[in-house]
There are 2 protein chains.
Amino acid sequence: MTVAEYMMDFLKKKGVDTAFVITGGQAMYLNDALCRTHDIRSIFVHHEQAATMSADAYSRITGKLGFVLVTAGPGAINATNGLVGGFTDSAPMMVISGQSNLAFVEYMSKSNIRQYGVQGINTRDFVEKGVKYFATVDDPAKIAYYMERAYYMALEGRPGPVWLEVPLNVQGMQVPEKILYSFTPEESLFSAKKCKEACEKIANALSNSKRPLVMAGQGVRLAGVVDEFMQFIEKNNIPVITTRLGIDLIEYEHPLFVGHPGNYGDRPANITAQNADVIVVLGSRMSTSSIGHDSKMFGRNADIYVVDVDKEELNKPGPNIKGRFMEDLRFFMPELNNASVDFTENHDEWAKFCENLKHKYPVMLPEYRDGEKVNSYYLIDQICELLDNETAVLVDTGSCFHVAAQGWKLRKGQRFLTTGGLSSMGYWCAVLGACAANNYKNTIVITGDGSLQMNIQEFATIKHLNKPIKVIIINNNGYLLIRQTQRTYMEDRFFGESPESGLFCPDTMAIAAAYGIKGVRIENPGELESKLRDVLEYDKPVICEVMCPEWQAIIPRVSSDKLPDGTLRQRNFEDMYPFLPENELASCMIGKKT
Amino acid sequence: MTVAEYMMDFLKKKGVDTAFVITGGQAMYLNDALCRTHDIRSIFVHHEQAATMSADAYSRITGKLGFVLVTAGPGAINATNGLVGGFTDSAPMMVISGQSNLAFVEYMSKSNIRQYGVQGINTRDFVEKGVKYFATVDDPAKIAYYMERAYYMALEGRPGPVWLEVPLNVQGMQVPEKILYSFTPEESLFSAKKCKEACEKIANALSNSKRPLVMAGQGVRLAGVVDEFMQFIEKNNIPVITTRLGIDLIEYEHPLFVGHPGNYGDRPANITAQNADVIVVLGSRMSTSSIGHDSKMFGRNADIYVVDVDKEELNKPGPNIKGRFMEDLRFFMPELNNASVDFTENHDEWAKFCENLKHKYPVMLPEYRDGEKVNSYYLIDQICELLDNETAVLVDTGSCFHVAAQGWKLRKGQRFLTTGGLSSMGYWCAVLGACAANNYKNTIVITGDGSLQMNIQEFATIKHLNKPIKVIIINNNGYLLIRQTQRTYMEDRFFGESPESGLFCPDTMAIAAAYGIKGVRIENPGELESKLRDVLEYDKPVICEVMCPEWQAIIPRVSSDKLPDGTLRQRNFEDMYPFLPENELASCMIGKKT
């Protein structure tokens, strides 16, 4: 068995069923070994960025390893965007890349030479800080060690990408029959026993709380404890707000679900966070977009307790945190259910107050149904109406990111995924991975006409795959957020945001037709529902473009005031634009610290 | 004046006239400052990769700084491919990127946190090994220092990219009127005086040579000494072979020009290299593709002297080099002309022998004119025939790279550029930069249907720019080189190389039409000339697809034999496939070491 064969066999045995691939000369034996591994389906994309983005979505939806195979040099470099996105968003993925012969890699690693060997660059230099583990496979006798360690690292603790590069002359080497090196992980930092104390502290804080709140992030999902999480909040009747990456933890209609906090969150969540007296943060790193640019203002009447597996995230400067607990929710969440929370005061009214906020301040307003073009909040609202819970949903970045995350009304069991930390335009092509993760059932992605171009080549892959992938494009004539920034801060000096200022985006329907994919354009609110229904029901790929206003307002949002010295100061986190009348906002603030 | 304004003003004063840009929130003040700098034309691309690739081509054609402006996070990461390509190919470019606020960057640089701030990743981690200089602009008082140092570093010695990232809160800060810090370069390692000794050694070696040869690379061009170089070889009647990046140093018809050495070079150059008794290598790093996988076999009858500005390249393991001289050709080349080369034996016959080889073994053969589809060597031959010397030519990688480089017959004064060290598919979009560098006159790029998809989004930019950019696509139904590898080494196990094995490429003419660009398809050799003429004469963009054989042979090439143990052994460098009859090859080998 060769090194390349061993690697593919290892992955197959681990249950990997999908590979995102671009072939290449420096990966020829790896490619051939994968070719002969019939249990792994290879999806050939047209830019390595799409491979890593797809593996990111695939792995975060399934919880299984996302697998990418690329070649050396440009193949490796092109993969970095999705890699870094997967790193910031905790995606367990493995990239295997080809490389020049071992002697070239070894020489590059000890010299400052710019490039050596055919397409040989020192891959490690460009990707090491975006992975949990990187190794050059330098010895066939060690291949078991490298694979086991890489696999373990991708999935343990806070998940993330790992990378193995395999020099061309090593790929075809025979693996010795007797495995000399294998990998044994160190004893885990985490255990059920170890987290008992933290659970008791949090249970105790909650017991003394009058207005408890849970803020939950993707960590709950990645730890596989969604059921335990639901059990906890329901048993204790604690309202919940979810972050961008935690959106699909709890359905919109659940009485304990309040909303999403953040700069482009919603009013109910932001107000709730400012009224709570205890906030327990579970599996969220409390990113700037979730808790505001002025993070000290988040939860300003609360004692905040944070449970996260990543000590770097726990220790970063930011909000006033009373208790930081480095714990793995796999152990922590069941243990927390064992700890006794015994509220000294009844907080049913508080829970009701939060639920009422949700209904009082919806993101989607009736007037959004009007207009010549389609208000994108109305679009999102209609998509939510029409989707079943078997359709997976992916969202790109840009204004569509805010609109979809704000306006989404999750159904129970529905999966919803977006790009978080890196927030990369063009993430929409990860829909290839999302569709594979969703067993090739209906999968939709919402993007913008600007982001679409960044990975337009993947229309070819969508066409070839021929599964019910629905690309829904919010067309606002270029880059909407940039346009709004240039109006707000640059006195209407528009620059690279629309054709008029130098950025031309082509006719999407014509592009769809050129790639041989069905195209549907929705011009106005009147035809929205029926056309959308057709798009969602079609059993093959569809490109659906929705014509939206060029000046669509993205609201509500936390806003800033410009101070006399030109700097910006964030308003109170609960005081979102459009501003509520002073009295009305005051009436919402029931939880001031006494 | 703000930091952002200072930076744009600095570049303007240095004569920078073009910027390759994608706007972004974290670069908003930089974007606005550029918007107000009317002397710099901004070209808005649709993926940051296209910005750095364009700047690479622009800078290598003009010798001036290529300028890229991108935003933080994904903008920076997306720029890496063109950046690394520019690094390996010595392109003087400057990337300026936005970034989260300074405090976030400072925190990231001292912690292991994965991501911090809005789209904030620690850019330095991912790009530093691909640039000559990287800095975070952390103080408005130091902006002059940073700009001067970055500008100097990009252009001095062996050119290459530099990178400045500017945190959002620094971009708009006022630069103090009194500049406190400025940059003074250290005394140069290079001077006319210092290189005298090396010149004499080389002059002396040449004087005693019977079969002298010069191998010239891009360094001659980058040092701006093409005239001095021509003067030297003409004065001394020395035959010349040029590497891939040095192709446009000397015209095909020049009696001293022999060809291009390499794995996919040509017979005349490879045979000449093996007959020479002295080879002087000027401004070439002797890459694997130029001198073969078994580099010790290159110039095996010669004493090799190498003059290069980069000590890392000079000192790498590889060919048997007799003299290594770390010198800047700016000084060296004029000085070499001053040194007296006084041949002890007349070598006119040798020069004639080399010239005869060129005519005896042309790459383009008469039978290539036939066939149902268009032989790509015939295509290249026809393009060469029809082009004037004002048309700049760019070549992507893949099989088109080999075919175009092998078959090109350069006209005097014509510019010809390709991707060298990184050899990145999708490089074709650098034609945007090449066209700007060529004063928006006719500019053509040759690519393949596989590479095309990697940056297909740039059709939008080409359409918007509306200049005579001609994209010529060799359609061989996917990835030709991969297909050939899979036939040769994998017993026809085809995998991800054509629609049949999982890689679908769309109808290019339909794509061109969708982007609103004129499309021309050439189906057979009979219509090649007339249609090509139309394409080249049209004064606006054209996408021209040429239908070529799926199994086009790429010949001649240095080949390898498979040894009994499965490893490959390279044949003699001069013994290219298709193999010459033994006698005929022997009759070419006049220069065996005695």
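Just above sits the structure.
This write-up is about the structure you can find in this document. Because the structure is predicted, anything quoted here is derived from the model rather than measured.

Topic: the side chain of A:R285
At step 1: Here A:R285 lies in the loop between β10 (278-282) and α14 (288-291).
At step 2: A relative accessible area of 16% means that A:R285 is categorised as buried.
At step 3: Residue contacts for A:R285: discarding those within four places in its chain leaves A:T88, A:R158, A:D308, A:E313, A:K316, A:G421 and B:Q115.

Considerations on the packing of helix α1 (residues 3-13) of chain B against helix α2 (residues 28-35) of chain B
All names here are of chain B.
At step 1: Two elements in contact, α1 and α2, have axes whose closest approach is 8 Å; the angle formed by their N-to-C orientations is 45°. Taken together, the axes of α1 and α2 are oblique relative to one another. Here α1 and α2 pass one another in a crossing that is right-handed. Within the contact between the two elements, α1 uses A4, E5, M7 and M8 and α2 uses Y29, L30, A33 and L34.
At step 2: Looking at the contact of α1 with α2 residue by residue, the classes come out as 7 nonpolar, no polar and 1 charged.

Remarks on the relation of the copies chain B and chain A
At step 1: Once chain B has been moved 0.0 Å along the axis and rotated by 180°, it coincides with chain A to within an RMSD of 0.0 Å. On this basis, the relationship between the two copies can be described by a two-fold rotation axis. When C-alpha positions in chain B are compared against the rotation axis, the closest is assigned to B:F126, at 2.4 Å.
At step 2: Interface residue correspondence from chain B to chain A reaches 100%, placing this contact among same-surface, isologous pairings.

Quick notes on the sheet that holds strand β15 (residues 443-448) of chain A
All names here are of chain A.
At step 1: Across the sheet, which stays open at both edges, the 6 strands sit in the order β14-β13-β15-β16-β18-β17 with parallel pairing between neighbours. The sheet is open, and its two edges are formed by β14 (416-418) and β17 (518-522), each paired on a single side. The average angle at which neighbouring strand axes cross in this sheet is 20°, direction not considered.
At step 2: Contacts from helix α19 (residues 399-407) reach β13 (392-395), β14, β15 and β16 (469-475) within the one sheet, and its direction differs from that of β15 by about 130°.
At step 3: Of the strands in this sheet, β15, β16, β17 and β18 (542-547) are in contact with helix α25 (residues 528-537), which crosses β17 at around 160°.

Comments concerning the side chain of B:K358
All names here are of chain B.
At step 1: As for its placement among the helices and strands, K358 is situated in helix α17 (residues 348-360).
At step 2: For the buried K358, which has no salt bridge, the nearest side chain bearing the opposite charge is E355, at an N-O separation of 5.2 Å.
At step 3: When near neighbours in sequence (up to four residues on either side) are disregarded, K358 contacts Y252, E253, H254, F257, V258 and P268.

With respect to helix α1 (residues 3-13) of chain A
All names here are of chain A.
At step 1: Counting buried positions along α1 yields 8 of 11 residues, so the element is predominantly enclosed.
At step 2: Those residues of α1 lying buried are V3, A4, Y6, M7, M8, D9, F10 and L11.
At step 3: Backbone geometry just after α1 places G15 at a positive phi near 90°.

The rules we used
Residues numbered from 1 in each chain as written. Chains lettered and ligands numbered in written order. Predicted model: local features only at pLDDT ≥ 70, side-chain atom pairs only at ≥ 80, totals over all residues. Heavy atoms only, no water. Helix = DSSP H or I, 4+ residues; strand = E, 2+ residues; numbered from the N terminus. Buried < 20%, exposed > 50% of the residue type's maximum accessible area, 1.4 Å probe, protein only. Contact = heavy atoms within 4.5 Å. Axes fitted to C-alpha atoms, helices over the stretch in contact; angles between N-to-C directions. Parallel < 35°, antiparallel > 145°, perpendicular 65-115°, else oblique. Left-handed = near helix turned anticlockwise from the far one by under 90°. Nonpolar A, V, L, I, M, F, W, Y, C, P; charged D, E, K, R; others polar. Least-squares fit on C-alpha atoms with pLDDT ≥ 70 in both. Pairing = 2+ DSSP bridges. Lys, Arg positive; Asp, Glu negative; His and termini not counted. Salt bridge = Lys/Arg side-chain N within 4 Å of Asp/Glu carboxyl O.

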